[in-house]
Amino acid sequence: MTDHIVIVGGGTGGTVLANDLADRLGADIDAGDVQVTLVNDDPDHVYKPVWLYVPFDQREPADGRRRLDELVDDRIDLRIDRVTDIDTDAQRIRYRDAARSVEYDYLVLATGSTLAPEEIPGLPEGGHDYYSESGAERLREALLSFTEGHLVLSVVGTPHMCPAAPLEFVFMADDWLRERGLREAIDITYTYPIQRVHGNPHIAEWARPLMDERDIAVETFFNAESVDPDGQTMTSMEGTDIEYDLLVAIPPHRGVDLIAEAGLGDDGWVDVDKHTLEATAAENVYALGDTADTGVPNAGSVAHYQAGVVGQRLASHVRGRPPTAIYDGKTLCFIETGMDAASFVEFDYEKPPSPVPPSRTLHWSKLAYNESYWLTARGLL
Amino acid sequence: MTDIDIEPTETVDARGAACPGPLMDLIGKIRGVESGAVVELLSDNEQSLTDVSEWTEESGNDLLEVVEADDHYAFYVEKA
Ligand SMILES: Cc1cc2nc3c(=O)[nH]c(=O)nc-3n(C[C@H](O)[C@H](O)[C@H](O)COP(=O)(O)OP(=O)(O)OC[C@H]3O[C@@H](n4cnc5c(N)ncnc54)[C@H](O)[C@@H]3O)c2cc1C
């Protein structure tokens, strides 16, 4: 009997896991005892952190794309298709482009986040984002010709991808506009849904004085309710109005519908045991990366570490041994604090983050990591 | 649990979630319900005690009741 492992989603988590399994289970795959299928709905793998630099005209979206077939080990069955249905009782999934459903022994959901700007009336027409390729390109056009007025960065909801990225954007915008002699003519406001500037109190405590120093205005307890694109105003549930000339929003995030439809969790996020990453509502189902509801940030580094844990656990299952690898909440994050300085945090379920003083070295480390990311995806780093 | 006669329209179970998860779950639910609806939030995070009351005050919604159970709190918030 061949054990069939199906990984849905070929982003950071799914790709690292596929290559990890090719490495760990290579001999078993060659012997026909294990089959690993990676299914992704796009022939390209997309590295999203590149989008932060696109609005400032420092990177092209193409820098964040590579063909999956060049990144994934040959021993993996790569399928470019979309999974449209999961039946966890029968252990079967359905592909969009196939007549028959497919059985799995182990299913890993690594379907990531999707954006739902339409949940806030007026936001799709009135707001920009850099959380999508097309959004980042459109924002670049707007930002390059923006010379005066009010720039508002609004975090509409959490969870969202990369909790550091909204802070990074305002720090970078502040520095970039200063370098271009435009900062005097442009006000910057940052809004956040809760009573501080970041979900994590330690990061909030570190970031707030930096924002004050740089004259970045802050509006907390601001949960955007609607946007009036004609009047260029954003209104919050708390009853505050903010007028803007350029609105950059972190739109509401969702997972994929098929997860909720399969009864695995709300809003497309899979309920999991935060240490084993096993789905709580079904047998033989794992989730990792943004999809897994663990409470840690939706970050590529998290997806990477979780892929290592799921890889080890699956290898143990296949070999009939009790799995012992557990995820401890490890998260690493570089935080840009301007155009040529960055900080760095490392934390886990037990140890809180403590951002280090910003430096040029850390900024270059972040850029170097972005370049070497392709080795990470290949499973080499 | 103490007996209360509040009939919630919706319940959000945020037990196990770290801060600010429970508050964000509550805000997300309040966003989608009609004015006058009551949302019940279950949270085992101590921080929710201050988070939820601060937010309801700021947003003009009504924190009707906080009930302490064995291992969690139940917050009842009426949408303004
Ligand atoms: C602007 C920005 C900056 C960021 N910066 C950083 C950073 O500096 N550091 C960091 O660690 N993280 C960063 N992130 C976050 C990081 O990109 C994500 O957390 C990471 O990509 C999550 O990986 P994942 O594998 O869970 O999902 P993804 O990488 O999003 O992959 C999901 C994949 O699943 C596919 N898929 C979805 N549904 C289906 C289906 N039904 N069938 C088939 N395929 C499907 C999708 O097309 C996609 O390819 C940033 C994100 C953004 C937007």
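Residues numbered from 1 in each chain as written. Chains lettered and ligands numbered in written order. Predicted model: local features only at pLDDT ≥ 70, side-chain atom pairs only at ≥ 80, totals over all residues. Heavy atoms only, no water.

Colleague: I'd love a proper account of the interface of chain A and chain B, names of residues and values included.
Modeller: In this assembly, 15 residues from chain A lie in contact with 13 residues from chain B. When the area that chain A buries against chain B is broken down by residue, the three leading residues are A:F221, A:M237 and A:E238, summing to 42%. Scanning the region where chain A abuts chain B turns up 0 salt bridges. In this assembly, chain A and chain B are joined by 3 residue pairs in polar contact (both at pLDDT 80 or more). (Contact = heavy atoms within 4.5 Å. Buried area = accessible area lost by both parts, 1.4 Å probe. Salt bridge = Lys/Arg side-chain N within 4 Å of Asp/Glu carboxyl O. Polar contact = N/O pair within 3.5 Å; in protein donor to acceptor, adjacent residues only side chain to side chain.)

Colleague: Give me the lowdown on the site of the ligand, citing residues and values where you can.
Modeller: Residue and element names in this part refer to chain A. The immediate surroundings of the ligand are formed by 32 residues, with G13, N40, D41, K48 and G300 found nearest. Between the ligand and the protein, one listed contact pairs an oxygen atom with a backbone N or O atom of S301 at 3.0 Å. Measuring from an oxygen atom of the ligand, one finds a side-chain N or O atom of K366 at 3.1 Å. About the coverage of the ligand: the protein hides 92% of its 1000 Å² of free accessible area. Listed by contribution, the elements that provide at least two residues to the shell around the ligand are α1 (12-24), β2 (34-40) and α9 (300-318). Residue contributions to the shell around the ligand peak at 3 residues, all from α9. Taken together, the residues of the shell around the ligand sort by class into 14 nonpolar, 12 polar and 6 charged. (Near = heavy atom within 4 Å. Areas by Shrake-Rupley, 256 points an atom, 1.4 Å probe, with all protein chains shown as cover. Helix = DSSP H or I, 4+ residues; strand = E, 2+ residues; numbered from the N terminus. Nonpolar A, V, L, I, M, F, W, Y, C, P; charged D, E, K, R; others polar.)

Colleague: For the sheet that holds strand β13 (residues 216-219) of chain A, give the residues involved together with the corresponding values.
Modeller: Residue and element names in this part refer to chain A. Strand order in the open sheet made by the 4 strands is β13-β12-β11-β17, with parallel pairing throughout. Looking along the sheet, the strands with just one partner apiece sit at the ends: β13 and β17 (246-250). Each strand axis lies, on average, 20° off the axis of its neighbour in the sheet, ignoring direction. Relative to strand β12 (residues 186-191), strand β11 (residues 149-155) runs parallel, the two being bridged by 6 bridges. Bridge assignment links G149 to a residue of β12, and that residue is I186. (Pairing = 2+ DSSP bridges. Axes fitted to C-alpha atoms, helices over the stretch in contact; angles between N-to-C directions.)

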